[in-house]
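Structure at a glance
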Amino acid sequence: MADHAARTHLATHEVTNQPLLGGDHDLLEEDMALREALAREAPAWVAARLAPLAREAGRDTWQAIADEANRHPPELRVFDRHGRRLDEVHYTEAYHRLMHLACDGGWQAVAWEQEGEGGHQAHVAALYVLTQVEPGFCCPITMTHAAYPVLRHDSGVLDEWGPRLLANDYDPRALPAGDKRAATFGMAMTEKQGGSDVRRNTTQATRQPDGSARLTGHKWFCSAPMSDAFLTLAQDDAGIGCFLVPRFRPDGERNGIQLQRLKDKCGNRANASAEIEYADAWAHPIGEPGRGVATILEMVQQTRLDAATAPAGMMRQATLEAWRHVQGREAFGKRLADQPLMRRVIADLALETEASLALCLRTARAFDGAARDPHEHALARLLPALAKFWHNKRGPAFMAEAMECLGGIGYVEEAPLARLYREAPVNSIWEGSGNVMCLDVMRVMTRHPESIAALRQELALARGAHPDFDRAFEALERRLKATPDVLEAQARWLTQRLAQCLQAALLLRHAPAAIGETFCAARLGEETSPLFGVLPSHAPLDAILERIMP
Ligand SMILES: Cc1cc2nc3c(=O)[nH]c(=O)nc-3n(C[C@H](O)[C@H](O)[C@H](O)COP(=O)(O)OP(=O)(O)OC[C@H]3O[C@@H](n4cnc5c(N)ncnc54)[C@H](O)[C@@H]3O)c2cc1C
């Protein structure tokens, strides 16, 4: 909220040297890196469609709404007042307004409505913008979006659920799907004895003569538990299968999905994550029997791209917070924004943000082109894991550094930095944790050599643009020749390096020289540091900083 009307003359002192808060911002118009990335990675309609969302999402009131949704997290309502089971989650009005912000514009649907024509770029750009409002509610948006390719395995399911998934009119009421125009989706894979290793799932599916199944078992994490349906893994005679479990059975009765408790989480407070029990729950099998993991991985590949994009959005918000603050604050007789060390820190945060955004939108283009172009198809297999791993490894340190730019008030809940800091680790953990992402990269390299070949081609396009990039690319090529056991031992290094080299290649080819060259020197050169703010002494800080908020 703008504090222009706030009193600065207090009884004992005057409030000085504190930046003015608030004001509305245009999250596309003021984001040069986003505008340029969209111009090169997406058809023109994407920026045009995003523009009204970016203007709306940048209105200051949304930050108050986001704060409200986090301060009043969802509450579990297991029973009604008469003791009948409800198994519902109550959210504040603020949460529902956030959901409307995304769904009224159809951002959970755009990737499929405009598939192959920029739909994925639009989805990713919107997620980057929406995350800057509040990351928690993006979880159900992501899962609803990501469920669609799995529904396509079954034409009956697609006819029934597809139009509801794509519908714009978000409807939070707990009603049978037939009574609602729009539906949201969740996913239930993780069990106590195995999360990464979902083959250890023990939830039992019993096939029924009418083709449906009944599920019995426990799921240890199930986010957005008020969703209208859940894509679920369970064991039957054929092995692990994928099942659609609706909140209400076809006869209109509540399905056997019992919410045991909500997780008390480090962050991600606006979003509910539950432990659930399937008690003879009605389910519709989807995909080939015994191929449930492969089927649900089509959803997970989508959610991984979103889990790579969310940190980029959070980085952008944190950089803006830090940059606006230091422009309105003086120390030792000079604005913080003019202090050389502070300029380096914020310039470096801006570089990381732009590199992450570039990689997300390049990956989105690969998703969108995958059906018609083998090169894009090959990249689409590899890039989500690279981006998800690396952006999220940068996230927590990034948020801590941005928080520190604000000094003491950065650590206080009134600024969004504390919330961003608590949120930062989650995208690294869910949808495949760090090591699992690295192992996935190694698996793709072994089983799909065309993917690493496609990545090499992308990197080669930037060869000759910067000596540090050329040296890093050559070193990478040498390491990639290692035997599989050596590769696995180096999986973290390789995944990091592949991601950074691709970020560098994209920036060298498409961003201004100040950005691409400084990024190469700082990330791939001889004096790299795990810290933010360690840039070459001659780094063109003015050019980098001017780009944050033109
Ligand atoms: C807030 C939140 C919401 C969630 N929502 C959902 C949801 O909606 N639906 C759902 O199904 N799940 C959900 N999850 C669960 C999440 O996907 C899992 O926690 C995650 O996949 C890791 O599984 P795990 O917890 O069993 O850890 P484990 O599988 O035990 O992994 C622990 C650690 O071991 C590492 N590891 C695993 N295998 C290897 C290996 N071979 N080599 C080296 N290291 C390895 C992992 O990278 C991880 O760091 C959620 C989790 C959180 C925190």
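Residues numbered from 1 in each chain as written. Predicted model: local features only at pLDDT ≥ 70, side-chain atom pairs only at ≥ 80, totals over all residues. Heavy atoms only, no water.

Observations regarding the overall build of the protein
Looking only at helices and strands, one finds 20 helices and eleven strands in the protein. Whereas a compact globule of 550 residues would reach a radius of gyration of roughly 24 Å, the protein reaches 24 Å, a difference of no more than 12%. Overall, the protein is about 75 × 70 × 40 Å in size when its C-alpha atoms are taken along their principal axes. Counting every position in the protein, which comprises 550 residues, the buried fraction comes to 58%. At a minimum sequence separation of 6, the contacts of the protein that also span at least 24 residues come to 71%. Summed over all atoms, the accessible surface of the protein reaches about 22400 Å², with 51% contributed by carbon and sulfur. (Helix = DSSP H or I, 4+ residues; strand = E, 2+ residues; numbered from the N terminus. Rg over C-alpha atoms; globule rule 2.2 N^0.38 Å. Buried < 20%, exposed > 50% of the residue type's maximum accessible area, 1.4 Å probe, protein only. Contact = heavy atoms within 4.5 Å. Areas by Shrake-Rupley, 256 points an atom, 1.4 Å probe, with all protein chains shown as cover.)

Topic: the nonpolar core
Within the largest apolar cluster, 183 residues are counted, with the highest numbers of intra-cluster contacts made by Leu34, Leu50, Leu215, Leu455 and Phe469. Looking at this core element by element, the count peaks at 16 residues for helix α10 (residues 340-369). (Core = buried A, V, L, I, M, F, W, Y, C linked by side-chain atoms within 4.5 Å.)

Some thoughts on the site of the ligand
Taken together, 20 residues lie near the ligand, and Met189, Thr190, Gly195, Ser196 and Ser223 sit nearest. At a separation of 2.8 Å, an oxygen atom of the ligand approaches a polar backbone atom of Met189. Taken by itself the ligand offers 970 Å² of open surface, and the protein chains cover 66% of this. Listed by contribution, the elements that provide at least two residues to the shell around the ligand are β3 (185-188), β5 (213-223), α13 (426-429) and α14 (434-447). Broken down by class, the residue content of the shell around the ligand amounts to ten nonpolar, eight polar and two charged. (Near = heavy atom within 4 Å. Polar contact = N/O pair within 3.5 Å; in protein donor to acceptor, adjacent residues only side chain to side chain. Nonpolar A, V, L, I, M, F, W, Y, C, P; charged D, E, K, R; others polar.)

Thoughts on the pairing of strand β4 (residues 204-207)
Relative to β5, β4 runs antiparallel, the two being bridged by four bridges. Note that in β5 the partner of Gln204 across the bridge is Thr216. Linking β4 back to β5 in an antiparallel pair, the connection comprises five residues, with Gly211 at a positive phi of about 95°. (Pairing = 2+ DSSP bridges.)

Some remarks on helix α1 (residues 32-41)
Every α-helical turn comprises 3.6 residues, leaving residues that sit three or four positions apart pointing alike. Within α1, the full set of buried residues consists of Ala33, Leu34, Ala37, Leu38 and Glu41. Buried residues of α1, seen end-on, are gathered within an arc of 125° and therefore sit on one face of the element. In this structure, the buried residues of α1 make contact with α2 (44-57), α6 (119-133), α10 and α18 (491-510). (Arc of directions from axis to C-beta.)

What to know about the environment of Val46
In this structure, Val46 sits in helix α2. Between the C-alpha atoms of Val46 and Glu117, which are 71 residues apart in sequence, the distance is 9.5 Å. Not counting residues up to four positions away in its chain, the partners in contact with Val46 are Leu38, Gly118, Gln121 and Ala122.

Overview of the pairing of β5
Relative to strand β9 (residues 273-286), β5 runs antiparallel, the two being bridged by nine bridges. Bridging across to β9, Leu215 finds its partner in Ala281.

Quick notes on the side chain of Gln132
Mapped onto the elements, Gln132 comes out in helix α6. Note on Gln132: relative accessible area 4%, which makes it buried. Polar contacts involving the side chain of Gln132 include one to the main-chain carbonyl oxygen of Tyr128, which spans 3.1 Å. For Gln132, the residues in contact, after removing those within four places along its chain, are Leu27, Gln63, Gly313, Arg316 and Gln317.

Spatial relationships are all this shows, so hold off on functional conclusions.
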